[in-house]
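Residue-level structural notes
Given next are the chains, with one letter for each unit.
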Amino acid sequence: MYDPAQLRSFLAVAQTLGFTRAARRLGLRQSTVSQHVRRLEEATGRPLFTRDTHSVELTEDGEAMLGFARRILEAHEQATAFFTGTRVRGRLRFGASEDFVLTRLPEILEGFRYEHPEVDLELTVELSGTLHEQLAAGKLDLVLAKRRPQDPGGEPVWHDRLVWIGAERLRLDPDRPVPLIVYPPPGITRALAFEALERQGRPWRVACTSGSLNGLIAAARAGLGVMAHSRGLIPPGLVRVPERAGLPELGRVDFVLVHGRRRPAAQSAADALATAILAGGDRLRG
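Residues numbered from 1 in each chain as written. Predicted model: local features only at pLDDT ≥ 70, side-chain atom pairs only at ≥ 80, totals over all residues. Heavy atoms only, no water.

1. Observations regarding the overall build of the chain
Quick reminder of the rule: What counts as a helix is a DSSP run of H or I of at least four residues, what counts as a strand is a run of E of at least two, and both are numbered from the N terminus. In this treatment the radius of gyration is a C-alpha quantity, and the globule benchmark scales as 2.2 Å times the residue count to the 0.38 power. Think of it in three bands: with a 1.4 Å probe and only protein chains considered, a residue is buried below 20% of the maximum accessible area for its type, exposed above 50%, and partly exposed in between. Two residues qualify as a contact provided that any one of their heavy atoms is within 4.5 Å of a heavy atom in the partner residue. Calculation of accessible area relied on Shrake-Rupley with a 1.4 Å probe; when residues are assessed, cover is drawn exclusively from the protein chains displayed. When charges are tallied, Lys and Arg are placed among the positive residues and Asp and Glu among the negative ones, while His and the ends of the chain are skipped. A charged residue contributes its charge at one atom only: NZ of Lys, CZ of Arg, CG of Asp or CD of Glu.
Looking only at helices and strands, the chain has nine helices and 11 strands in total. A compact globule built from 286 residues should have a C-alpha radius of gyration of about 19 Å, and the chain, at 20 Å, falls within 12% of that. Across the 286 residues in the chain, those meeting the buried criterion constitute 47%. Residue pairs in contact within the chain that sit at least 24 positions apart in sequence constitute 76% of those at least 6 positions apart. For the chain, the accessible area works out to roughly 14400 Å², and carbon and sulfur atoms hold 50% of it. Side-chain charges of the chain comprise 39 positive and 34 negative groups, with the mean position of each set lying 2 Å from the other.

As structure tokens, this is what we get:
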């Protein structure tokens, strides 16, 4: 019922939020991408995007199709690999941000290892900024991490907003510096939190620094302060800080997959894992 080429065009538009950018990524003409999306909408009988001259946004049905499209394409590629006899093998150095420690990423990796038993998967869990540095230095083959929206590179897994979170009983004194719970440099949320407070002219102090998400969560649950965190990944036991606290907006953040220098021994494995993560991306959110 659903053509894989149409689903790929749909996913590219959903991830880039633009028909021109999607066409450039896929190496197709914009008219071809538009035609693919139109035919997919005809097949579903539902509009998948709202469009105007300035923006492209997923409809509620488009959000639903996002998960279906990823799973259909994953199954399509698995079937193709099975019947063509292609075996993915090699050593794959994969880096995942600390943000995913409490998500269902382990389930996706377990499924990948089951599907590709001949891949030697080496996992590194680090801060997003550190992972980007290691990727640039050739120490990793594929990275799943945060990125500022204005930064180039990477295939979007999803877009999210950063929010302030803390213990439910935490009360901030407006006359005292904001107590912050942060990752060490080069943490991206750390930098964005500092920048937002400085723009507002609000004083702050670092109440806790930890390179471990579990360490930050423990400090936040103890009421030591507030932390900037992805809205879709708020850990159990913590809540959004109410607007009446007067904390500044933190803006958006992107979660992206970034490929490193293409090593022949790792390329097919990196592509296969990227496909599995994109197919299971909805499971990573909350």
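2. Overview of the packing of aromatic side chains
The cut-off we apply is this: Between 30 and 60 degrees the pair is tilted, below 30 it is stacked and above 60 it is edge-to-face, where a pair is any two Phe, Tyr or Trp rings, Trp via its six-membered ring, whose centres lie within 6.5 Å.
Overall, the coordinates contain six aromatic pairs when judged by the stated rule. Each ring, one from Phe 194 and one from Trp 204, has its centre 4.2 Å from the other, and the planes form 10°; the classification is stacked. With Phe 194 in helix α7 (residues 188–200) and Trp 204 in strand β8 (residues 204–209), the pair connects residues that are 10 residues apart, well separated along the chain. Residue class for Phe 194 comes out buried when judged on its relative accessible area of 14%. For Trp 204, a relative accessible area of 28% gives the class partly exposed.

3. Some details on helix α4 (residues 60–84)
Three or four residues apart is the spacing at which side chains of an α-helix point the same way, because the helix has 3.6 residues per turn. Just so we agree on the cut-off: In a helix, the anticipated span is given by 1.5 Å times the number of residues less one.
With 25 residues, α4 extends 37 Å between its outermost C-alpha atoms, agreeing within 8% with the 36 Å of an ideal straight helix rising 1.5 Å per residue. Of the residues making up α4, those classed as buried are Gly 62, Met 65, Leu 66, Gly 67, Ala 69, Arg 70 and Leu 73.

4. What to know about the pairing of strand β4 (residues 119–126)
As a reminder of what qualifies: Think of it this way: DSSP has to see at least two bridges between two strands before they count as a pair. When the strands point away from the viewer and the path from the first strand over the helix to the second turns clockwise, the crossover is right-handed.
Judged from the eight bridges that link them, strand β3 (residues 90–97) and β4 form a sheet pairing that is parallel. Residue pairing for β4: Gly 95 is matched across the bridge by Thr 124. For the crossover that starts at β3, traverses helix α5 (residues 105–115) and ends in the parallel β4, the hand is right-handed.

5. Some thoughts on the nonpolar core
Short version of the rule: Residues belong to one nonpolar core when they are buried, are Ala, Val, Leu, Ile, Met, Phe, Trp, Tyr or Cys, and are joined through side-chain atoms within 4.5 Å.
Phe 94, Leu 105, Leu 144 and Trp 164 are the most contacted members of the largest nonpolar core, which has 45 residues in total. Among the secondary structure elements, those contributing two or more residues to this core are β3, α5, β5 (142–147), β6 (155–166), β7 (178–182), α7, β11 (252–259) and α9 (264–279). Broken down by element, the residue count for this core peaks at eight residues, all from α9. With near-sequence residues (within four places) excluded, Leu 144 lies in contact with Phe 94, Gly 95, Ala 96, Ser 97, Phe 100, Leu 105, Leu 131, Val 157, Val 256, Leu 257, Ile 277 and Leu 284. Grouped together as the second largest cluster of nonpolar side chains are 20 residues, Phe 10, Leu 11, Ala 23 and Ala 69 included.

6. Describing the side chain of Thr 16
Heads up, the rule is: In protein, a polar contact means a hydrogen-donor-capable atom and an acceptor-capable atom, both N or O and within 3.5 Å, with residues adjacent in sequence counting only if both atoms are side-chain atoms; elsewhere, any N or O pair within 3.5 Å suffices.
Assignment of secondary structure puts Thr 16 in helix α1 (residues 4–16). Within polar-contact distance, the side chain of Thr 16 engages the backbone oxygen of Gly 18 at 3.1 Å. Discounting chain neighbours no more than four positions away, the residues touching Thr 16 are Arg 21, Ala 22 and Arg 25.

7. Overview of the packing of α1 against helix α3 (residues 30–44)
Put simply, the rule reads: The angle between two axes is taken between their N-to-C directions and runs from 0 to 180 degrees, where each axis is a line fitted to C-alpha atoms and a helix contributes only its stretch in contact. Relative orientations are named as follows: roughly parallel for angles under 35 degrees, roughly antiparallel for angles over 145 degrees, roughly perpendicular for angles from 65 to 115 degrees, and oblique for any other angle. Amino acids outside the nonpolar list (Ala, Val, Leu, Ile, Met, Phe, Trp, Tyr, Cys, Pro) and the charged list (Asp, Glu, Lys, Arg) are all regarded as polar, and Gly is one of them.
Put simply, α1 and α3 touch, their axes get as near as 8 Å, and they point 105° apart. With respect to their mutual orientation, α1 and α3 come out roughly perpendicular. Contacts between α1 and α3 involve Ala 5, Gln 6, Leu 7, Ser 9, Phe 10 and Val 13 from the former and Val 33, His 36, Val 37, Arg 39 and Leu 40 from the latter. When its residues are assigned to classes, the contact of α1 with α3 shows seven nonpolar, three polar and one charged.

8. Observations concerning a nonpolar patch on the surface
Cut-off, in case you're wondering: Patch definition: residues above 30% relative accessible area lacking any salt bridge, with like charges linked at up to 9 Å and the nonpolar side chains Val, Leu, Ile, Met, Phe, Trp and Tyr linked at up to 5 Å. In what follows, salt bridge is the name for a side-chain nitrogen of Lys or Arg lying within 4 Å of a carboxyl oxygen of Asp or Glu.
A cluster of nonpolar residues, Val 101, Leu 102, Leu 123 and Val 125, forms a patch on the protein surface that exposes about 300 Å² of accessible area. With respect to the helices and strands, Leu 123 occurs in strand β4.

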